[in-house]
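# An overview of the molecular structure
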Amino acid sequence: MSLPPRLKQISDYLSRWLREHSLKLLAIRDTPNAIAGGVAIGIFLGFTPLFGFKTALAIFFAWVTRTNIIAAILATTLHDLLLPLMPVIFLWEYKIGFMLLNGKWPERLRDSRIHLHWSEWRNWRIFLKVFVPTLMGSVFCCVPAAMVSFFATRGIVVRHRRKKSSVPSDVEGLAKD
């Protein structure tokens, strides 16, 4: 069973993009822990509702934690592939944050006051009623994703460096980290 032509084009584009960027990630000359830490930071920040600040924050936190900045930027960019799913993810994060802050699940979105007119978003009090629960819920969604991405990336980098037969001697020591 084959995919429709448009879905086939999207699938080919996504697989080509992932292959190119994963090769960039594996070519970084740094320790596996530093690369995995950068990826974890990028994935963590990718799930937050901090529009426009994700890449800058990824660079800052990668610099502070001495992890790989390029890996953090690549992971933040990789997370943008989920852009079509982000409304569903943000809704889920909002509901989790609402439950954590109020002790109950929102019964309906109307009760949680998420349906607002565009002019009401300029009011900081109303904006924060939606933003704070979403940010709080995103932390509980980000931590497991960041942990999984850290250990998966570290394992992939270590395995790739062990398989590589023509590894220069200065990188072989890094693979043992």
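So, here's what we can say about the structure. Everything quoted here is computed from the prediction, not taken from an experiment. (Residues numbered from 1 in each chain as written. Predicted model: local features only at pLDDT ≥ 70, side-chain atom pairs only at ≥ 80, totals over all residues. Heavy atoms only, no water.)

Right, let's talk about the packing of helix 2 (residues 32-46) against helix 6 (residues 124-163) for a bit. Relative orientation and spacing of two packed helices are given, respectively, by the angle between their axes and the distance between those axes. Across the interface, helix 2 lies against helix 6 with an axial gap of 8 Å and an inter-helix angle of 150°. Comparing their axes, helix 6 and helix 2 come out roughly antiparallel. Pair helix 2 / helix 6 crosses with right-handed handedness. Taken together, the residues of helix 6 that come into contact with helix 2 (itself represented by Pro 32, Asn 33, Ile 35, Ala 36, Gly 37, Val 39, Ala 40, Ile 43 and Phe 44) are Cys 142, Val 143, Ala 145, Ala 146, Ser 149, Phe 150, Thr 153, Arg 154, Val 157, Val 158 and Arg 161. Among the residues forming the contact of helix 2 with helix 6, the class breakdown is 14 nonpolar, four polar and two charged. (Axes fitted to C-alpha atoms, helices over the stretch in contact; angles between N-to-C directions. Helix = DSSP H or I, 4+ residues; strand = E, 2+ residues; numbered from the N terminus. Parallel < 35°, antiparallel > 145°, perpendicular 65-115°, else oblique. Left-handed = near helix turned anticlockwise from the far one by under 90°. Contact = heavy atoms within 4.5 Å. Nonpolar A, V, L, I, M, F, W, Y, C, P; charged D, E, K, R; others polar.)

In this section: unusual backbone geometry. Generally, phi is negative for residues other than glycine and the peptide bonds are trans, each holding for most cases. Of note, the phi angle at Arg 66 is positive, near 60°, even though the residue is not glycine. If you trace the backbone, Arg 66 turns up in the loop between helix 3 (54-64) and helix 4 (69-79).

Another aspect to go through is the packing of aromatic side chains. Taken as a whole and judged by the stated rule, the model has four aromatic pairs. On the basis of an interplanar angle of 40° and a centroid distance of 6.0 Å, the ring pair of Tyr 94 and Phe 98 is categorised as tilted. Placement of the pair is Tyr 94 and Phe 98 together in helix 5 (residues 86-102), with a separation of four residues, close to one helical turn. We note that Tyr 94, like Phe 98, is buried. Ring centres of Phe 150 and Phe 151 lie 5.1 Å apart, and the angle between their planes is 85°; this geometry places the pair in the edge-to-face category. On the accessibility criterion, Phe 151 (57% relative accessible area) is exposed. Of the aromatic side chains, those joined through ring pairs into one cluster are Phe 60, Phe 61 and Trp 63. (Phe/Tyr/Trp six-rings, centres within 6.5 Å; stacked < 30°, edge-to-face > 60°. Buried < 20%, exposed > 50% of the residue type's maximum accessible area, 1.4 Å probe, protein only.)

On to the side chain of Thr 134, then. With respect to the helices and strands, the residue Thr 134 is situated in helix 6. Assessed through its relative accessible area of 8%, Thr 134 is described here as buried. Excluding residues that lie within four positions of it along the chain, Thr 134 makes contacts with Pro 49, Phe 90, Glu 93 and Tyr 94.

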